[in-house]
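Listed here are the chains, written in short residue letters.
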Amino acid sequence: MLVRTLSRTATRRLLSQATRQSRAFSTLYTKDHEYLKQDGDHYFMGISDHAQAELGDVVFVELPGVGETFPQGESIGSVESVKAASSVYAPVDLEVVEVNDNLEDDHGLVNESAEEEGWMIKVTVTNPDQLGDLMDADAYSAYTAE
């Protein structure tokens with residue numbers, strides 16, 4: 001029984017690591033610190049962990065509605081913190097398919113887990129060619145280290 005429990009625990013850890021690694025490979029970033037994280041045919045979008053750290057405590061998040069479409073570079077909403085307010089821009093042409101309703105009651109999710117539970121919207125990318133203009137995790141890490 002103990003061996004079976006240990007092997008289940010080890011398996012869960014390995015799967016969790018593999019999931020985090022695959023998510024890192026499928027996450028793309030903009031120079032304005034938005035991210036797109038692939039989830040099948042859709043992408044989760046929000047601000048990066050780096051951006052939330054720079055903003056400080058988030059006190060308000062303005063999000064678009066489901067069904068709205070945005071061209072690359074257009075403001076889709078905003079994030080307000082105790083330090084500043086910042087627009088959030090569409091990294092590519094997109095259509096909103098879901099909004100993270102949890103952010104209405106808990107803006108702090110952006111600070112606690114910007115790239116996981118603090119995602120802002122789920123989108124369909126309407127011009128996939130634009131994805132090539134975004135940075136992968138390694139390039140973004142180097143960009144934010146400058």
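Heads up: these notes are all about the structure in this document. Quick caveat, the model's predicted, so the values are computed rather than measured.

### With respect to the pairing of strand 6 (residues 75-81)
Turning to step 1, where the next piece is worked out: The buried count for strand 6 comes to five of seven residues, which makes it a mostly enclosed element.
Turning to step 2, where the next piece is worked out: As defined by bridge partners, strand 4 (residues 58-62) adjoins strand 6 across four bridges and the pair is classed as antiparallel. Across the sheet, glutamate 62 pairs through a bridge with serine 78, a residue of strand 6.
Turning to step 3, where the next piece is worked out: One ladder, built from five bridges, connects strand 6 with strand 7 (residues 85-89); its direction is antiparallel. Bridging from a neighbouring strand, valine 79 pairs with serine 86 of strand 7.
Turning to step 4, where the next piece is worked out: Linking strand 6 to strand 7, which pair antiparallel, is a turn of three residues.

How each quantity is defined
- Residues numbered from 1 in each chain as written.
- Predicted model: local features only at pLDDT ≥ 70, side-chain atom pairs only at ≥ 80, totals over all residues.
- Heavy atoms only, no water.
- Buried < 20%, exposed > 50% of the residue type's maximum accessible area, 1.4 Å probe, protein only.
- Helix = DSSP H or I, 4+ residues; strand = E, 2+ residues; numbered from the N terminus.
- Pairing = 2+ DSSP bridges.

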